[in-house]
Amino acid sequence: MLFFRKVLFLSLFAAAACGIRPSTPTIPEALEIGTPKTIFAATIRDPLPEGGFGNGRTEDYHLLELTVSIPPNHQPGQLLFAYDTPDPKTEFTMAARRKIETSAVFMDRLNSELAKFEPDERDITVFVHGFNSTQSETAFRAAQLTHDTKVPGATVVYSWPSLGSPLGYAYDADSVMFARDGLERLLKQLSKSNARRIVLVAHSMGSMLAMETLRQIEIRTPGWSDRNLDGVVLMSPDLDLDVFRSQMSRLNPVPQPFLVFISRKDKILTLSQRLRGTSSRARLGNLGSTDGLEDLPISIIDTTDYADSASSGHLVAGTSPALLAILSSARQSSKAFSRKGLIFDGVLPPPMVEKKQIQDLSLIDITDSQR
């Protein structure tokens, strides 16, 4: 009873404090202040009269090119923004929104973005957001993650219709199932681009969407994921272990590397367990043990020691300045020493590890994929 009172209190407090957030405005002048970051997007959210996209579901498939202005005082791991009157000097700001009418034009713009990079850096990072996210927040988070980790190439967001409310957990879970076909369409579209590598990154409930989509693709076209994806990254996945194993059983072979970032201090996933009536069963993203997963060709990255330094305990890999510095340096080190590597294989070192020690760690290859 005490637990349910706490849940009710937290829910009511969150609802009163947040509610369903509005769209953020477009401020072109922000580009005179901040650093521009192009974010391509595909969405099945319903369009709003003022030009943005809301939380409703639609069968229509929209393609967008967004420009996010990253503030000059940005610190790694931070994501500061406002809904009504953003300050481009201190906050992420939407500087431009462009709806792309055809897939052909979208691919032309995407390939033009890729052409800005060296041939071995023409990557596409596909980001699938999690629970309680608006369209703009998703673009800001994708910009922050790729900027802070210095990921080259083009960033593409799949924006599924989250309610954008802390009370929308059930709605969002249903939206994940609704959104599978749209993500499949996007991935197959991107596979025809000029990208050298495509890496799929999903956060929280978005991991369920990513895995369900890969599963349905594999049922129709066995081996597609391995042939077309050069890595899968699940960050704080809100996934039941039995469901995850069932999804993985369809991936044969499994795209490599396949990375799962976990934290035993993830309070959001602990709450998810209890709301589902499975408090004794950890979610994939807050595992206390890898027992039962040893046979899967995946690498589990334990970020628990970095949780206290992160601005979000539900996205430690993307909001801990110390961990972001290590991941970014690891990528550069692996390239400089012609070693395989982007992200650590297994448990991360303690937060006090200096950057110069990174070259001694076991790393996983995304940057030097054979494709």
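Residues numbered from 1 in each chain as written. Predicted model: local features only at pLDDT ≥ 70, side-chain atom pairs only at ≥ 80, totals over all residues. Heavy atoms only, no water.

A. Up close: the pairing of strand β6 (residues 197-203). Counting buried residues along β6, seven of its seven residues qualify, which places the element largely inside the surrounding structure. Of the two faces of β6, both are covered, the one formed by Arg197, Val199, Val201 and His203 as well as the one formed by Ile198, Leu200 and Ala202. One ladder, built from six bridges, connects strand β4 (residues 123-128) with β6; its direction is parallel. The residue of β6 that forms the bridge with Thr125 is Val199. Across four bridges, the pairing between β6 and strand β7 (residues 232-235) is parallel. Opposite His203, over in β7, you have Met235 as the bridge partner. (Buried < 20%, exposed > 50% of the residue type's maximum accessible area, 1.4 Å probe, protein only. Helix = DSSP H or I, 4+ residues; strand = E, 2+ residues; numbered from the N terminus. Pairing = 2+ DSSP bridges.)

B. Representation of the side chain of Gln189. With respect to the helices, strands and loops of the structure, Gln189 is situated in helix α5 (residues 180-190). Only 3.4 Å separates the side chain of Gln189 from the side chain of Ser103, close enough to count as a polar contact. (Polar contact = N/O pair within 3.5 Å; in protein donor to acceptor, adjacent residues only side chain to side chain.)

C. Here's a closer look at helix α4 (residues 169-178). Among the residues making up α4, those that are buried are Tyr169, Asp172, Ser175 and Val176. Down the axis of α4, the smallest arc covering the buried residues is 115°, so these residues share one side. Next to the buried residues of α4 lie β2 (53-70), α5, α6 (205-220) and α9 (267-275). (Arc of directions from axis to C-beta. Contact = heavy atoms within 4.5 Å.)

D. Local environment of helix α8 (residues 241-248). Along α8, the residues that are buried comprise Leu241, Phe244, Gln247 and Met248. Buried residues of α8, seen end-on, are gathered within an arc of 120° and therefore sit on one face of the element. In this fold, the buried residues of α8 make contact with α6, β7 and β8 (258-262). At the N-terminal end of α8, a side-chain oxygen is found 2.9 Å from the backbone nitrogen of Asp242, two or three residues along, and the residue is Asp240.

E. Molecular detail of the nonpolar core. Within the largest apolar cluster, 54 residues are counted, with the highest numbers of intra-cluster contacts made by Ile124, Tyr158, Leu234, Phe244 and Phe258. If you tally residues by element for this core, the top one is α6, at seven residues. Not counting chain neighbours up to four residues away, the residues in contact with Phe258 comprise Met211, Val232, Leu234, Phe244, Met248, Leu251, Pro297, Ile298 and Ser299. Ile70, Leu79, Ala307 and Ile326 belong to the second-largest nonpolar core, a separate cluster that totals 33 residues. (Core = buried A, V, L, I, M, F, W, Y, C linked by side-chain atoms within 4.5 Å.)

F. A look at the pattern of salt bridges. Tallied over the entire structure, the rule returns 13 salt bridges. For the salt bridge of Arg281 with Asp240, the shortest nitrogen-to-oxygen distance reads 3.0 Å. A residue pair is termed long-range when its members are at least 10 positions apart, and Arg281 in the loop between α9 and β9 (299-302) and Asp240 in the loop between β7 and α8 qualify at 41 residues. With a relative accessible area of 33%, Arg281 lands in the partly exposed category. Through salt bridges with shared partners, a single ionic network connects Glu65, Arg98 and Arg109. (Salt bridge = Lys/Arg side-chain N within 4 Å of Asp/Glu carboxyl O.)

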